[in-house]
Every structure is written in structure tokens, then in C-alpha cells.
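# Structural overview
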Amino acid sequence: MRRPNIKWLFKTACLLVIAGTLFILITGYLSASPYTNKLPIQRPNAVPYVQQADKNLPMIDGDEEPVVPAPEEQNKRKHHNRPQKVPPMEQPQIRKDNNHNADELQHAEEQPEQQQLLPPNHVKKDWHDYTAMERDSKRVGFGEQGKRATNNDESTKDMERKMSLENGFNAYLSDMISVNRSVPDIRNKGCRKKHYAAELLTVSVVIPYYNEHFSVLVRSVHSLVNRSPPELLKEIILVDDFSDREYLFKQLDQYVAENFPNLVQIIRLKKRTGLIGARMAGARKATAEVLIFLDSHIEANYNWLPPLLEPITMNKRTAVCPFIDVIDHSNFEYRAQDEGARGAFDWEFYYKRLPLLPEDLVDRTKPFKSPVMAGGLFAISREFFFELGGYDEGLDIWGGEQYELSFKIWMCGGEMYDAPCSRIAHIYRGPRNSAPSPRKGDYVHRNYKRVAEVWMDEYKNYLYEHGQGIYEGLDAGDLTKQKAIRKKLHCKSFKWFMENVAFDLMKVYPAVEPADYAYGGIQNVGAPTLCVDTLSKPRHSEIGLYPCHEDIKRPQRNQNWALSWHRDLRLRRKLDCLDVQQTHKNAPVWLWDCHGQGGNQFWSYDREHNWLVHGRNHGSNKRCLEASPKNRKLYVNICDEDNLNMQWRFGVVNNTALDSFWDEIPATH
């Protein structure tokens with residue numbers, strides 16, 4: 001047996017050690033090389049804004065399971081009582097050398113700051129307050145669960161009517177309902193399982209009010225406090241726009257101090273400024289990252305806040321609106337208005353709605369783009385709001401502010417969404433005592449002209465044409481500041497807005513209106529000497545019958561009606577419509593502001609029976625306009641073929657247009 005060669009083994013071992021050492025040195029050098037270990041640039045706190053018409057909203061997928069923070073991190077958050085913010089990464093400096101064009105550098109310096117985003121760490125959270133929701137579900141009593149309330153005490157009916165006319169809603173019933181009342185959870189079922197980013201921005205809620213009824217105002221505040229995560233709700237700012245009701249001073253101060261210490265503050269303006277000025281006063285006082293503007297007669301639904309905040313947390317140049325539910329002005333019933341539509345306008349600047357797009361219907365819990373906000377309720381980054389210049393403070397009292405801000409958001413680099421999982425109910429006022437105007441002159445159309453002159457470019461002419469001369473003598477005031485903002489922010493044209501954002505508006509609300517279906521006098525067949533007449537009454541009054549003008553094709557203004565392309569009955573070329581607000585027998589007919597949304601103002605003409613049919617009921621439920629010749633009144637009742645007082649003739653009937661009356665009725669009707 002050969003003995004091992006010790007010398008050979010020693011040499012082999014030395015070679016292996018040397019080879020291993022060289023391998024370690026070489027791989028270490030390569031791993032340190034900038035060419036093999038260069039990570040892509042990561043900017044979790046700032047990304048450039050790129051406008052893409054079909055780009056989806058950057059949302060965290062609500063179907064993923066949340067990553068739950070460690071207990072010590074949760075305790076830390078509770079201790080600080082607000083979300084932790086990730087510090088921005090250090091950004092490289094722009095190197096300015098002779099190779100850069102001076103004009104390009106100047107343009108780069110003028111560009112808005114990069115959008116602030118939270119890092120995409122996919123940490124999500126269920127923000128529902130299940131304890132509060134369970135507590136609410138057990139509440140019983142007057143108006144609880146958002147159910148309609150009724151006053152059965154006949155001795156107080158006069159007081160109830162008086163308070164209703166003073167406020168535009170049943171204030172007497174409001175005082176009988178708890179300020180902490182429960183509401184029905186009418187959200188889409190998918191919203192109840194939705195999780196949102198665990199780190200959201202803090203909120204300042206701004207609520208302007210003028211002579212608001214006490215219980216309605218404080219119920220609004222209670223609903224926000226009761227249904228908002230305390231770590232997100234930094235403050236509620238009430239802005240009193242020079243009210244003169246006594247209970248809105250010492251009594252309100254005391255109530256706020258006792259119930260909302262260190263959370264609610266009241267700003268009292270020294271003169272009447274209107275909605276726009278009051279909102280700006282509150283916005284300047286706000287200190288949180290997000291502003292939420294609300295009206296003073298609202299009630300928030302469950303988990304309303306996170307759906308508004310997440311899109312803004314992901315992109316500061318985003319404004320988000322909640323779904324607006326209805327609190328019935330007569331009985332305080334809480335109900336849905338609808339399940340979503342895109343905001344728009346017509347060429348008389350009435351707020352309108354456009355149908356949802358196919359992509360909006362895929363997931364009914366996700367925010368969808370909307371061209372125009374309704375105006376009263378929305379959330380926006382405080383930084384972005386003031387970057388846009390806030391509201392144009394040349395707009396007086398109210399009117400046009402939602403269009404001005406909507407146009408600015410879209411045309412100046414932002415986006416706007418409606419969030420289906422955020423729901424807030426609003427009281428739409430009913431009949432109300434007329435109050436003196438806070439200003440002399442037509443401030444609403446003056447506001448519209450300011451918006452048109454600054455933002456609408458050549459499209460402003462459509463607005464002016466529909467105004468029938470009302471804009472010609474109006475001075476829009478000094479527009480220098482507003483035009484400078486548009487130039488500074490390099491805002492797009494209104495043509496771009498109409499073609500890329502509100503691309504279907506012209507089809508639904510054409511600038512050149514189609515012909516009327518019928519027009520002229522509306523003559524009763526049973527009493528042919530009588531025609532429908534305003535009786536020279538103002539809006540919000542019942543109308544009736546009056547002897548027909550000698551020419552029913554071209555009668556005087558009080559009898560000159562049109563079945564318009566909006567499918568309403570209005571004074572021809574005016575904005576006064578026949579409105580039926582009740583469904584009982586002998587429902588009265590009112591002269592009301594045209595809204596173009598169908599509903600109470602939807603009318604059709606049945607040429608076979610000569611009926612004017614109210615609403616879209618069919619069969620035995622059809623309801624028709626009926627004359628009462630004895631007292632010269634108008635009612636709406638179930639249609640009856642044998643009743644000649646339900647038959648009517650127009651001065652002029654456009655049979656060609658009526659043949660297609662039921663074609664392409666907008667989904668918003």
C-alpha cells in the first residue's frame with residue numbers, strides 16, 4: 001500500500017486557499033460596482049403628475065387582506081392620535097450647467113410641486129367603528145334608523161307649519177328627534193367589507209351657516225363626530241355668516257364648549273359674505289391636510305370619511321365628493337337619492353347629471369370620475385385648494401362656485417371623483433317664506449359671467465345666448481387675478497375639458513336646443529273657454545285656470561307654455577315649470593324652478609286621449625292633469641277616459657317630434 005504524498009497534498013491545499021481567496025475578492029469587487037448593484041430610482045413620496053384620460057385612479061385594492069401593524073405600532077398611533085407620516089426621501093438636486101436652456105429651467109421652476117404620495121406599502125385597515133354601529137342598531141324612538149317622523153298633536157300643527165315656512169324644512173319635527181339619531185346603512189354591500197389605507201390624512205371640516213335651525217346644525221356636527229375616526233378628524237370649523245337668530249350666539253357657544261371641547265370652533269363674520277366668502281374664511285383657519293366642505297343641514301352615514309381620504313392620500317391633486325342622500329324636508333326620513341351619476345351642467349348653468357360610463361358599473365364601490373361637483377359637499381387637499389387660488393372671491397354670496405372650482409381642478413392638472421362608499425344625507429329645502437336678497441342686483445348671473453369669462457373660452461357664448469340678453473348689462477368685475485392663476489398653472493383649454501372630461505355633455509344637454517314637442521296655450525276640452533294660466537303668481541305658488549287668450553298659438557306670457565325637450569311643461573323659453581309634489585287625490589299643481597331632471601316635473605302628451613300625463617307611471621296608475629272649472633283650479637288625478645276635464649289641446653303640436661318622444665330619454669330622468 002502506497003503512502004500518501006504529503007508534499008502533494010500540501011500544495012493542493014495551498015492552491016485551493018489561494019483560489020478561494022481570489023474568488024471572494026473578485027465577487028466582492030463586482031458586487032460593489034455601481035453597474036451591477038444600481039437600484040432603480042424610488043420616490044415613494046413624490047411622483048410627477050401625468051395626465052392620462054384613461055388612467056385608473058391609484059387605489060389600494062380593496063379585496064386584499066390588510067397587513068395589521070404590530071401591537072406596539074398600534075399603541076404608538078393611538079398615543080399620537082393621528083397617522084404617522086413617512087419622511088420624504090432625499091431628492092437629487094437639478095444640476096444647472098451651460099448645457100441647459102434658460103427658458104426650460106424657468107419653465108421647470110414654474111411647474112407645480114410634485115404630487116405627494118404615501119409609499120405603496122399596501123398596509124390597509126378596516127376603519128369601521130363596529131361598537132358604535134352596534135349601539136346605533138339598538139336605538140329606538142322618534143326618527144331613529146332614519147325613519148320618517150310624524151307629529152300627531154293637532155294642537156301644535158300651526159306651530160309646525162310656521163316653523164317649516166321659516167326654515168324650508170320641518171324644524172318642529174327636528175326638535176323632537178335626537179341629535180344623535182341613528183341612520184340606515186344604505187351603502188352598497190361591498191362597501192361594508194372595504195378596507196382603506198391604514199395611514200390617511202387628517203381633516204378640517206368647514207361648515208358655513210346662516211340663521212340655521214339649532215337642532216339641525218348640532219345634529220350635523222354630532223353625526224360627523226359620532227361616525228368619524230378621531231385620529232382623522234382634527235377639527236370642525238363652523239363659520240357664522242352674520243346670523244341674527246339669538247340662539248346661535250351664547251346658547252350655541254355653551255353647547256359647543258360642553259359637547260365638543262377642543263374639536264369644534266366657531267368663526268363669526270362681521271358682515272354677510274355669502275357661502276363663498278364663508279368657506280374661504282373657514283379654509284384659511286383650517287390646519288389639517290385635507291379640507292372637507294359641508295352644508296349645515298346634513299347627516300353622515302357610517303364610515304363616510306376613509307373613502308373620501310384615500311384617493312387624496314394617494315394623489316393630492318384629487319378632489320372627492322360623497323354620494324348625497326336625501327333627508328326629507330317634511331318628515332326627516334333618510335333615503336337614497338340614487339346610486340350615482342356624473343355631475344354636469346346645461347347652458348343656463350343649472351346643475352345636471354350624466355349617466356355612468358360602462359367602466360363605472362364594473363365595481364360599484366370604486367370612485368368614478370365626474371366632470372362637475374354638486375357644490376355643497378366635497379373633500380380636497382388644503383395645499384392643492386390654495387394652489388388653485390381657492391374660490392374666486394369675486395364671486396358674491398353664492399352661484400357658479402362649483403363650476404369655477406370644477407373647471408380649475410380638471411383644467412389645471414387635477415382630477416375629481418365621486419366615492420360611492422361615502423354617503424352624506426342633505427336636507428333639500430321645501431316651501432319657505434321669501435327673504436330679502438342680501439345684495440342689490442343680479443349677483444348670481446354676475447358670478448356666472450365671471451366663471452365664463454375666465455374659464456370657458458369660446459364656449460361662453462352658448463351661455464350668453466341662452467341668457468336671452470341677461471348677461472349683456474352685467475359687469476363681471478376685475479378678472480386680472482383669476483386669469484393670472486390660469487396662466488401661472490398652465491391650465492388647459494375649455495375645449496379640452498369638453499372633449500376629454502365632459503365628452504358626452506353636448507349630446508345630453510345640447511347647446512342648441514331641439515324643438516319643443518308642443519307649445520302655445522293649453523286649452524281644456526271640457527271647458528274650452530279656460531286655459532292653464534300662472535294667474536300672475538310667482539314661483540312656488542299654485543297655478544290654475546283663466547279665460548283663454550284669443551290666439552292660443554301665440555298667447556300672452558301667462559298662458560304660453562311648452563312641452564320642452566327636457567320633457568317638462570314650462571313657460572316657453574323660461575325656467576318656470578309645472579311641478580306636482582304629492583301623490584294623493586286632487587294633488588295641486590305648482591309653478592316651480594325648472595330642474596330638467598324629470599321626477600316631479602316629467603310630463604308627456606297622450607295624443608290618442610288628449611291627456612297631459614304626469615310622471616312615468618303606466619296602465620291603471622297613470623295620473624293626468626285635470627281642470628276644475630268651478631273653482632278654476634288644476635289637479636292631478638288617476639286618468640279617466642270619460643272625463644273631458646282631463647283632455648287638453650295645445651296651440652301648436654309638433655307631431656314629428658312627438659313620434660320620437662320616448663326615444664333616448666336620458667338615464668338621469
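What you see is a predicted model; the values in this text were computed from it and never measured. (Residues numbered from 1 in each chain as written. Predicted model: local features only at pLDDT ≥ 70, side-chain atom pairs only at ≥ 80, totals over all residues. Heavy atoms only, no water.)

## Some words on the overall build of the chain
Within the chain, the secondary structure is distributed over 18 helices and 28 strands. Across the 669 residues that make up the chain, the buried fraction comes to 51%. Intrachain contacts of the chain at a sequence separation of at least 6 include 75% that bridge at least 24 residues. Counting every atom, the chain has about 34,000 Å² of accessible surface; 53% of that belongs to carbon and sulfur. (Helix = DSSP H or I, 4+ residues; strand = E, 2+ residues; numbered from the N terminus. Buried < 20%, exposed > 50% of the residue type's maximum accessible area, 1.4 Å probe, protein only. Contact = heavy atoms within 4.5 Å. Areas by Shrake-Rupley, 256 points an atom, 1.4 Å probe, with all protein chains shown as cover.)

## Concerning the pairing of strand E5 (residues 264-268)
Direction of pairing for strand E4 (residues 233-240) relative to E5: parallel, over a ladder of 5 bridges. Paired with Ile-237 across the strands is Gln-265, a residue of E5. (Pairing = 2+ DSSP bridges.)

## Some thoughts on the state of the cysteines
On inspection of all chains with the given rule, the structure shows 5 disulfides. Between the sulfur atoms of Cys-412 and its disulfide mate Cys-491 the distance is 2.0 Å. When the S-S torsion is 105 degrees, as for the bridge of Cys-412 with Cys-491, the disulfide is right-handed. Of this pair, Cys-412 sits in the loop between helix H12 (401-411) and strand E14 (415-427) while Cys-491 sits in the loop between helix H15 (480-488) and helix H16 (494-500), placing them 79 residues apart in sequence. Like Cys-491, Cys-412 is buried. Each disulfide in the chain links cysteines that, numbered along the sequence, combine into the pattern 1-3, 2-4, 5-6, 7-8, 9-10. (Disulfide = S-S within 2.5 Å.)

## Re the side chain of Thr-156
In this fold, Thr-156 is placed in the loop between helix H4 (130-137) and helix H5 (157-167). Looking at Thr-156, its side chain comes within polar contact range of the main-chain oxygen of Asp-153, at 2.9 Å. Of note is the side chain of Thr-156, whose polar atom sits 3.4 Å from the side chain of Tyr-172. With sequence-adjacent residues up to four places away left out, Thr-156 is seen in contact with Asn-151 and Tyr-172. (Polar contact = N/O pair within 3.5 Å; in protein donor to acceptor, adjacent residues only side chain to side chain.)

## Thoughts on the pairing of E4
Most of E4 is tucked away, with 7 of its 8 residues classed as buried. Across 7 bridges, strand E3 (residues 203-209) lies against E4 in parallel orientation. Paired with Val-206 across the bridge in E4 is Ile-237. Note on the crossover from E3 through helix H7 (residues 214-226) to E4: the handedness is right-handed. As a crossover connection, the stretch from E4 through helix H8 (residues 250-259) into E5 is right-handed. (Right-handed = clockwise from strand over helix to strand, strands pointing away.)

## Details of the confidence of the model for the chain
Averaged over all residues, the pLDDT of the chain equals 85, while 82% of them reach at least 70. Low pLDDT, under 50, characterises residues 29-119; the predicted model gives this stretch 117 contacts beyond four residues in sequence or across chains. (pLDDT = per-residue confidence, 0-100.)

## A few points about the nonpolar core
Membership of the largest hydrophobic core comes to 66 residues, with the highest contact counts inside it found for Phe-345, Phe-407 and Phe-497. In terms of residues, this core owes the most to one element, helix H13 (residues 443-455), which gives 7 residues. Mapped onto the domain boundaries, this core takes at least three residues apiece from domain 1 (128-427) and domain 2 (443-508). Phe-407 has contacts with Phe-345, Phe-349, Val-372, Cys-412, Val-451, Trp-455, Met-456, Phe-494 and Phe-497, leaving out every residue within four places of it along the chain. Judged by nonpolar contacts, the second largest core, of 43 residues, contains Cys-191, Val-203, Val-221 and Phe-260. (Core = buried A, V, L, I, M, F, W, Y, C linked by side-chain atoms within 4.5 Å. Domains from an automatic or database assignment.)

## Section: the packing of aromatic side chains
In total, this model carries 31 aromatic pairs according to the counting rule given. Aromatic pair Phe-407 and Phe-494: ring centres 4.9 Å apart, planes at 80 degrees, arrangement edge-to-face. Taken together, the residues Phe-407 in helix H12 and Phe-494 in helix H16 connect sequence positions 87 residues apart. You'll find Phe-407 and Phe-494 in the same group, each marked buried. (Phe/Tyr/Trp six-rings, centres within 6.5 Å; stacked < 30°, edge-to-face > 60°.)

## Regarding the side chain of Thr-202
Checked against the element boundaries, Thr-202 lands in the loop between strand E2 (196-197) and E3. Among the polar contacts listed, one links the side chain of Thr-202 to the side chain of Glu-289, at a separation of 2.3 Å.

## Quick word on a negative patch on the surface
Taken together, Glu-608, Asp-640, Glu-641 and Asp-642 make up a surface patch of like negative charges. Along the chain, the position of Asp-642 falls in the loop between strand E27 (633-638) and strand E28 (648-653). Relative accessible area serves as the criterion here: at 71%, Asp-642 is assigned to the exposed category. (Patch = residues over 30% accessible without salt bridge, like charges linked within 9 Å, V, L, I, M, F, W, Y side chains within 5 Å. Salt bridge = Lys/Arg side-chain N within 4 Å of Asp/Glu carboxyl O. Lys, Arg positive; Asp, Glu negative; His and termini not counted. Charge placed at Lys NZ, Arg CZ, Asp CG, Glu CD.)

## Some thoughts on the packing of H7 against H8
Between H7 and H8, the least distance of the axes is 12 Å, while the angle of their chain directions is 25 degrees. Judged by the angle between their axes, H7 and H8 are roughly parallel. As for the relative orientation of H7 and H8, their crossing is right-handed in sense. Where H7 approaches H8, its residues Phe-214, Leu-217, Val-218 and His-222 are matched on the opposing element by Gln-251, Leu-252, Tyr-255 and Asn-259. Residues belonging to the contact of H7 with H8 are distributed by class as follows: 5 nonpolar, 3 polar and no charged. (Axes fitted to C-alpha atoms, helices over the stretch in contact; angles between N-to-C directions. Parallel < 35°, antiparallel > 145°, perpendicular 65-115°, else oblique. Left-handed = near helix turned anticlockwise from the far one by under 90°. Nonpolar A, V, L, I, M, F, W, Y, C, P; charged D, E, K, R; others polar.)

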